[in-house]
Amino acid sequence: MGGPLNKVAYTFAAVGVGGASLASDAPELQIMAAVMLAGMVPPIALALATVLRPGLFNVPERENGKAGWLLGLSFITEGAIPFAAADPLRVIPGIMLGSAVTGGLSMAMEVSVRAPHGGIFVLFAVENVLGYLIALVAGVLVGAVAVIALKSMGSSDADVATV
């Protein structure tokens, strides 16, 4: 979500892209794909969760969810921060699970990306675009369902909707 661990992963991947830019099949390009895709998942998953179960989120969160679509598609993970700050014990594990699924699928399908940033807008730099999209959609769905399930534990929609 833009913190120090995210920056370390991103820096590692971006340096790898620079070093492997001329190679035809470099594992560094697969690492960049996994990092980029995993970073896209949190804001998109939370945006989807606000649409699927709006009653679990207060009005400002639902508004943040609207911005989460574009932020996530642009690989701007910070769109998830307001959600995580408001409810860290239920939001962070859900988005971590979704990102892990995406990163794992991306690596398993050998997706690679030659661009260090850009999200969905750098499909021209992606090898295995279908795998890229499958990994992203799978992680978003897992993340959204996990957040919804965790937020549903111990709270009712009516309690949150009135906040």
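Our subject is the structure listed above.
Residues numbered from 1 in each chain as written. Predicted model: local features only at pLDDT ≥ 70, side-chain atom pairs only at ≥ 80, totals over all residues. Heavy atoms only, no water.

### Topic: the pattern of salt bridges
When charged atoms on two side chains of opposite charge get close, those side chains can pair.
Item 1. Going through the model one piece at a time under the given rule, you end up with 3 salt bridges.
Item 2. Between Lys66 and Glu63 there is a salt bridge, with its nearest N and O atoms 2.9 Å apart. Pair noted here: Lys66 and Glu63 are both in helix H3 (residues 59–73), with a separation of 3 residues, about one helical turn.
Item 3. Note on Lys66: relative accessible area 56%, which makes it exposed.
Item 4. Taking the relative accessible area as the measure of exposure, Glu63 reaches 45% and is therefore partly exposed.
Item 5. Two residues, Asp87 and Lys151, come together in a salt bridge whose shortest N-O distance is 2.9 Å. On the criterion of sequence distance, the pair formed by Asp87 in the loop between helix H4 (81–86) and helix H5 (88–108) and Lys151 in helix H6 (residues 129–152) is long-range, its members being 64 residues apart.
Item 6. Judged by its relative accessible area of 11%, Asp87 falls in the buried class.
Item 7. Look at Lys151 and you get buried, because its relative accessible area is 5%. (Salt bridge = Lys/Arg side-chain N within 4 Å of Asp/Glu carboxyl O. Helix = DSSP H or I, 4+ residues; strand = E, 2+ residues; numbered from the N terminus. Buried < 20%, exposed > 50% of the residue type's maximum accessible area, 1.4 Å probe, protein only.)

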